[in-house]
Amino acid sequence: MTDIGAFRDAVTGWAAGGAGDAARELAARLCVRTVVLVEGASDLAAVDALAAGRSRDLAAEGVCVLPMGGAMSVGRFADVLGPTGLGLRLTGLCDEAERRYYARGWERAGAAPQDFFVCAADLEDELIRTLGTARVAQLVRAQGEERALRTFLHQPAQQGRTPQQQLRRFLGTKKGRKIQYGRVLVEALAPDRVPAPLEDLLAVL
């Protein structure tokens, strides 16, 4: 496990009610200055892919992107990481439906209000809209999943949905697929065609 991975695990344990000593020690040793709170591992994959494409090593810069396993946990993570805990700068990426959880968590922890970035629906939706459905379908085929996609599109539940809705749902139908395509879709973006929430997040790190 990498050191930053150990820090993520220590913070997750602390937010779940455990001791904070390991998180404090790792934060100091790794010179962590900023934590990016995201809902899940697919968001982590996307942020890491964009940073790598810009030749940035976030961990070396003192930035930890931390998937929480659900947006409703944001208050607990903000408490242990923000001004009331480790005193680190907080930022984040969330879906529109999660905005209220982030705003409440930031306020409770005394963090800078609204210092997080919101996707219109979710990050996958932002990426599909930016790339276009034809390009995303091409990327799915390039990943060896043409048959799986074709089978999925023939399901009765997918009839009447738009191609964007279908592809967004497809990405969430298999464990690990959203993580895989979080990286694949970001790597396919043109440098000047990055969705605003993702671009704006990286710009403040």
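Rules and cut-offs
- Residues numbered from 1 in each chain as written.
- Predicted model: local features only at pLDDT ≥ 70, side-chain atom pairs only at ≥ 80, totals over all residues.
- Heavy atoms only, no water.
- Buried < 20%, exposed > 50% of the residue type's maximum accessible area, 1.4 Å probe, protein only.
- Helix = DSSP H or I, 4+ residues; strand = E, 2+ residues; numbered from the N terminus.
- Pairing = 2+ DSSP bridges.
- Right-handed = clockwise from strand over helix to strand, strands pointing away.
- Axes fitted to C-alpha atoms, helices over the stretch in contact; angles between N-to-C directions.
- Parallel < 35°, antiparallel > 145°, perpendicular 65-115°, else oblique.
- Left-handed = near helix turned anticlockwise from the far one by under 90°.
- Contact = heavy atoms within 4.5 Å.
- Nonpolar A, V, L, I, M, F, W, Y, C, P; charged D, E, K, R; others polar.
- Core = buried A, V, L, I, M, F, W, Y, C linked by side-chain atoms within 4.5 Å.
- Salt bridge = Lys/Arg side-chain N within 4 Å of Asp/Glu carboxyl O.

Novice: Any details on the pairing of strand β2 (residues 63–67)? Residues and values, ideally.
Specialist: Within β2, four of the five residues are buried, which leaves it mostly tucked inside the rest of the structure. Bridge analysis of strand β1 (residues 34–38) against β2 gives five bridges, and the strand direction is parallel. Note that in β2 the partner of leucine 37 across the bridge is leucine 66. Crossover connection from β1 via helix α3 (residues 41–53) to parallel β2: handedness right-handed.

Novice: I'd like to hear about the packing of helix α7 (residues 133–142) against helix α9 (residues 163–171), residue by residue, with values.
Specialist: At a minimum axis distance of 10 Å, the contact between α7 and α9 shows a crossing angle of 30°. The orientation of α7 relative to α9 falls into the category roughly parallel. Both α7 and α9 take part in a crossing whose hand is left-handed. In contact with Thr133, Val136, Ala137 and Val140 of α7, α9 contributes Pro163, Gln164, Leu167 and Phe170. Residues belonging to the contact of α7 with α9 are distributed by class as follows: six nonpolar, two polar and no charged.

Novice: Could you give an account of the nonpolar core, naming the residues involved and the relevant values?
Specialist: Core analysis: the biggest nonpolar cluster contains 37 residues, and Leu58, Leu93, Leu185, Val186 and Leu198 have the highest contact counts within it. When residues in this core are grouped by element, the largest group, six residues, is from α3. The residues contacting leucine 185, other than those within four sequence positions of it, are Leu127, Leu131, Val136, Leu139 and Leu171. One finds Leu66, Phe77, Ala78 and Phe116 within the second-largest nonpolar core, a separate group that totals 31 residues.

Novice: Lay out the pattern of salt bridges with the relevant residues and their values.
Specialist: Within this structure, the stated rule accounts for 15 salt bridges. As a salt-bridge pair, glutamate 25 and arginine 29 come within 3.1 Å of each other at their nearest N and O atoms. Here glutamate 25 pairs with arginine 29, and both are found in helix α2 (residues 21–30), just four residues apart, close to one helical turn. The exposure class of glutamate 25 is partly exposed, given its relative accessible area of 43%. Taking the relative accessible area as the measure of exposure, arginine 29 reaches 45% and is therefore partly exposed.

Novice: Kindly report on the sheet that holds β1, identifying the contributing residues and their values.
Specialist: The four strands lie next to each other as β2-β1-β3-β4, forming an open sheet whose pairing is parallel. Sheet topology places β2 and β4 (117–119) at the edges, where each strand pairs with a single neighbour. With direction set aside, neighbouring strand axes in the sheet form an average angle of 15°. Lying on the sheet, helix α1 (residues 3–15) is in contact with β1 and β2; it crosses β2 at an angle near 50°. Together, β1, β3 (89–95) and β4 form the strand contacts of helix α5 (residues 99–109), whose direction differs from that of β3 by roughly 165°.

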